Amino acid sequence: MESKYNYFKRDISWLSFNYRVLLEALDERLPLYERINFISIYSSNLEEFYKIRVADHKAVASGATESDEETVQSARELVEEINKEVTRQLDDRVRIYEQKILPALRKNHIIFYQDNHVEPFHQQFIKDFFREEIFPYLQPVPVSKDKIVSFLRDNRLYLAIRVYPKKEEKNKGEEPKENIEKYTGECINERNDGEGIKVGMEAARPNVTDLRQPLYFVMKQPYAKVPRFIELPSREKNHYLMFTEDIIKANLNLIFPGYDVDSSYCIKISRDADILIDDTASSADLVAQLKKKVKKRKIGDVCRFVYDRAMPSEFLDFLVDAFRIQRDELVPGDKHLNLEDLRHLPNPNKSLHSLEKPKPMKLTVLDEKESIFNYVAQKDLLLYYPYHSFEHFIHFLYEAVHNPETREIMVTQYRVAENSAVINTLIAAAQNGKKVTVFVELKARFDEENNLATAEMMQAAGIKIIYSIPGLKVHAKVALIRRRGLNGEKIPSYAYISTGNFNEKTATLYADCGLFTCRKEIVADLYNLFRTLQGKEDPKFTTLLVARFNLIPELNRLIDREISLADEGKQGRIILKMNALQDPTMIDRLYEASEHGVQIDLIVRGICCLIPGQSYSRNIRVTRIVDSFLEHARIWYFGNDGTPKVFMGSPDWMRRNLYRRIEAITPVLASDLRDSLIEMLNIQLADNQKACWVDDKLQNIFKKRTPGTPAVRAQYTFYDWLNKTNS
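Residues numbered from 1 in each chain as written. Predicted model: local features only at pLDDT ≥ 70, side-chain atom pairs only at ≥ 80, totals over all residues. Heavy atoms only, no water.

Caption draft 1: Layout of the sheet that holds strand E9 (residues 330–333). With respect to topology, six strands assemble into an open sheet ordered E2-E4-E3-E7-E8-E9, the strand pairing being mixed. For this open sheet the edge positions go to strand E2 (141–143) and E9, each flanked by a neighbour on one side alone. On average, each strand axis in the sheet is tilted by 35° relative to the strand beside it, whichever way the strands run. Alignment of strand E3 (residues 158–165) against strand E4 (residues 215–220), held across six bridges, turns out to be antiparallel. Following the sheet pairing, alanine 160 is matched in E4 by valine 218. Strands strand E7 (259–271), strand E8 (302–308) and E9 of the sheet are contacted by helix H2 (residues 32–61), whose axis makes an angle of about 130° with E8. (Pairing = 2+ DSSP bridges. Helix = DSSP H or I, 4+ residues; strand = E, 2+ residues; numbered from the N terminus. Axes fitted to C-alpha atoms, helices over the stretch in contact; angles between N-to-C directions. Contact = heavy atoms within 4.5 Å.)

Here it is, written out as structure tokens:
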């Protein structure tokens, strides 16, 4: 039966979120380099989006794969809609970059050359720098529609160059005497291993019947050898920067002696980075598959071809034919591509201040008591990252390593930092004679190789490794310290449930929270969850909510309770904070609750397929917050007639989280900790600096500060609140 409700398209909604990220570059209250960084984040997000989401839709559109969710035609239409919206956004990115960022740099005495105009006092420096630092690494490769089979590497910048033989070198009945052999033959007969181009001398020779026919070349930018941005000598108060590709363009005549260089433009390819594996395979087979397939990620099918929009149509047509690009893969870009590199832009003006972000604080109660074990044995503990220091969790593991009563440490691993302190501590525990069990999710996208490497390292240290469950991802972020007295008596064990990964690096960038508790019912449920991950039993959970077991029934019961309260004339109230809301079944439940008068606030950072402003969603408001830290916590509030129920954990309300993953969420039972989560939700809803409404057209409508009310910037306001209560 067709639903009476409507929904935003998932990927169009995500583009709305990413556009909100781009809008941070317009905020003149932010330090300049923070604004530049948001352009970088926007660009990096978009690159991954094409590698995964658009690549999936293109596979369906081409008939290469089948989908239960879309047809060939609907996939084609969606790719077209995505490209249209991305083109619109990239137009805005160009305007923001050229009309806001570059003038702001100039105002701060940083001249960032963008065109052919270079001050006379820099011209010799640029020529010398090119000859000494760049030229040795350049390798122009000829392009022909018929005789050269080319492979462009994923996400690498290339210059596409068009040249003509010089007229004055034309002699009767002779070929031109240009030294093209320097750039062909052995020089460009690269390995045909997916990273180079196999060519021969014949393909590179000019057309002798018409010596003014254009010749085309591509040249990979040597960023492994030369930085993307070059600092030029300062002059008086001014500092100067230049893209490496612009230095190359300024010296193309030195690369092509005997030719007139007509023009050059940046191009890049994005390739399908998704890994298709047999999800029903055994752990050993899965490991073997991943080791093999992650190596092929860089040679996947083309999902977009990005080009300088100033490129003439006949130049573009030639490249499209030569590289066998489909028209729906074309995405016009700016003169300078890969602007995710802007995060590395040098800051030669040391007077430019950086953003003073909240620094992680250590809890004074833990400093006094020293032992987290002793504290949590008496009282639940809730940490908010990055406002609280992740070192507390490392210390928690460290205590487990050295506590003689620790019997076993059990942890899930989804994404961990390289050279992880968490992993090193677990290895120390195993070497100290503790039993350590780690569930490693191999299918964490883009972290497969890191997870494999850390798993093998842990296994070599004596840690028991449990790999991915066939057909499922384990996304729960949980740890369990099982203890027993030295004489066999029962003593408290410890459970930890988090909204974020055990990753000390992202814990300084992502806004998450983690709960420590000794409550027996939660400890028992968590132990049952780990036994389930080992395939040992069909569990029963009394307190934890676990996706694919008791989560959906309990969510329905909680929503039904708020509906019944509203029907009785009481206040029905729901606040849901998460990264993404996409599952139509749960969206329908929220629509239904709204129709009954339940007041619903959604704080959704990314994808939100629920459409506000409809007759059936008139009581639902959608807030989006983008600020210094990436909002990552999942917190759910149900009013319950004045005795609120609050939950926190790992799942978003997406189909994959609710039905195809193992997720864990816990009720927060300590009243003071529950109140602190409610305080955070209220502060976020009051944000009038970085919060937007998402309207029924997916526009980001900034919330305005009411005259006479205080400015509320949620992340900073909440940090101040935590700081005041840290006593």
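Caption draft 2: Spatial organisation of empty space enclosed by the protein. Taken as a whole, this structure holds five cavities of 30 Å³ or more when the rule is applied. Within this model, the largest cavity holds a volume of roughly 100 Å³. Ser43, Leu46, Leu90, Arg93, Lys268, Arg304, Val306, Gly333, Leu337, Asn338, Leu339 and Glu340 are the residues that line the largest cavity. Counting residues per element, the ones that place at least two in the lining of the largest cavity are H2, helix H3 (72–107) and E8. Along the lines of polarity and charge, the residues of the lining of the largest cavity split into five nonpolar, three polar and four charged. When its volume is computed, the second largest cavity comes out at roughly 80 Å³. Around the second largest cavity, the lining comprises 14 residues; the ones closest to its centre are Tyr387, Glu631, Met680, Gln684 and Phe718. The set of elements that each furnish at least two residues to the lining of the second largest cavity consists of strand E17 (510–517), helix H19 (671–686) and helix H20 (714–725). When the residues that make up the lining of the second largest cavity are grouped by side-chain class, the tally is nine nonpolar, two polar and three charged. (1 Å grid on protein atoms, 1.4 Å probe; cavity = no way out; pocket = protein on both sides within 12 Å on 5 of 7 lines; lining within 4 Å. Points joined across faces, edges and corners; volume = space filled by probe spheres on them. Nonpolar A, V, L, I, M, F, W, Y, C, P; charged D, E, K, R; others polar.)

Caption draft 3: Fine view of the pairing of strand E5 (residues 229–235). Pairing geometry for E5 and strand E6 (residues 238–243), over five bridges, is antiparallel. Counted as the bridge partner of phenylalanine 229 is phenylalanine 243 from E6. Adjacent in sequence and paired antiparallel, E5 and E6 are bridged by two residues, among which glutamate 236 carries a positive phi angle near 55°.

Caption draft 4: Representation of the pattern of salt bridges in the model. Applying the stated rule across the entire model yields 44 salt bridges. The residue lysine 357 makes a salt bridge to glutamate 34 at a minimum N-O spacing of 3.9 Å. Of the two residues, lysine 357 is situated in the loop between E9 and helix H10 (364–369) and glutamate 34 in helix H2; the sequence distance between them amounts to 323 residues. A residue is classified by how much of its surface remains accessible, and lysine 357, at 31% relative accessible area, is partly exposed. In this structure, glutamate 47 and lysine 51 form a salt bridge, with 3.4 Å as the shortest nitrogen-oxygen distance. Note that glutamate 47 and lysine 51 are positioned in helix H2 at a spacing of four residues, about one turn of the helix. Side by side, glutamate 47 and lysine 51 carry an identical accessibility label, which is buried. One network of salt bridges, with partners in common, ties together Arg20, Glu24, Asp27, Arg29 and Lys690. (Salt bridge = Lys/Arg side-chain N within 4 Å of Asp/Glu carboxyl O. Buried < 20%, exposed > 50% of the residue type's maximum accessible area, 1.4 Å probe, protein only.)

Caption draft 5: Molecular detail of the nonpolar core. Core analysis: the largest hydrophobic core is formed by 114 residues, its most contacted members being Leu590, Leu602, Leu610, Trp636 and Trp653. At 11 residues, the largest contribution of residues to this core is made by H2. With near-sequence residues (within four places) excluded, leucine 602 lies in contact with Leu576, Leu581, Leu590, Leu610, Ile620, Arg621, Val622 and Thr623. Judged by nonpolar contacts, the second largest core, of 44 residues, contains Tyr385, Phe390, Met458 and Tyr494. (Core = buried A, V, L, I, M, F, W, Y, C linked by side-chain atoms within 4.5 Å.)

Caption draft 6: Main features of the UniProt feature "coiled-coil region" (unreviewed entry) in the protein. The UniProt feature table records "coiled-coil region" (unreviewed entry) at residues 65–92. Across residues 65–92 one finds 75% helix and 0% strand; the C-alpha atoms that close the span lie 34 Å apart. (UniProt positions renumbered as here; feature names shortened; annotations may be inferred.)

Caption draft 7: Looking closely at helix H1 (residues 10–23). Relative to the 20 Å expected for 14 residues at 1.5 Å per residue, H1 spans 20 Å between its end C-alpha atoms, a close match to the ideal helical length. Most of H1 sits inside the fold, with 13 of its 14 residues counted as buried. (Expected span 1.5 Å × (residues − 1).)

Caption draft 8: Structural detail: the sheet that holds E5. Strand order in the open sheet formed by three strands is E1-E6-E5, with mixed pairing between adjacent strands. Both outer strands of the open sheet, strand E1 (110–113) and E5, are each paired with one neighbouring strand and no more. The mean angle between the axes of side-by-side strands here comes to 25°, regardless of whether they run parallel or antiparallel. Of the pairings in the sheet, the one linking E1 to E6 comprises four bridges and is parallel in character. For phenylalanine 112, the partnering residue across the bridge sits in E6 and is leucine 241. Packed onto the sheet, H3 meets E1 and E6 and runs at close to 135° relative to E1.

Caption draft 9: Focus on the environment of lysine 464. Secondary-structure assignment places lysine 464 in strand E13 (residues 464–466). Note on lysine 464: relative accessible area 37%, which makes it partly exposed. Here the alpha-carbon distance between lysine 464 and threonine 437, two residues 27 residues apart in the chain, equals 4.7 Å. If we ignore the near neighbours within four places in the chain, the residues touching lysine 464 are Val436, Thr437, Val438, Gln534 and Lys536.

Caption draft 10: Molecular detail of the packing of aromatic side chains. Under the defined criterion, the tally for this structure stands at 38 aromatic pairs. Relative to tryptophan 721, the ring of phenylalanine 718 has its centre 5.8 Å away and its plane inclined at 15°; by these criteria the two rings are stacked. Remark: tryptophan 721 and phenylalanine 718 occur in helix H20; sequence separation between them is three residues, near one turn of the helix. Taken together, the aromatic side chains of Phe373, Tyr385, Phe390, Phe393, Phe396, Tyr494, Tyr496, Phe502 and Phe516 make up a single cluster linked through ring pairs. Geometry around tyrosine 19 places arginine 88 over its ring, the cationic atom sitting 4.8 Å from the centre. Of note, arginine 482 hangs over the ring of tyrosine 527, and the distance from its end group to the ring centre comes to 4.1 Å. (Phe/Tyr/Trp six-rings, centres within 6.5 Å; stacked < 30°, edge-to-face > 60°. Lys NZ or Arg CZ within 6 Å of the ring centre and 35° of its normal.)

Caption draft 11: Spatial organisation of the side chain of aspartate 687. With respect to the element layout, aspartate 687 can be found in the loop between H19 and strand E27 (691–694). Arginine 713 is the oppositely charged side chain nearest to the buried, salt-bridge-free aspartate 687, at an N-O distance of 6.7 Å. Reaching out from aspartate 687, the side chain makes a polar contact with the backbone nitrogen of lysine 690 at a distance of 2.7 Å. Side-chain polar atoms of aspartate 687 contact the backbone nitrogen of alanine 691, separated by 3.2 Å. Residues within four places of aspartate 687 in sequence aside, it is in contact with Ile625, Lys703, Val712, Arg713 and Ala714. (Lys, Arg positive; Asp, Glu negative; His and termini not counted. Polar contact = N/O pair within 3.5 Å; in protein donor to acceptor, adjacent residues only side chain to side chain.)

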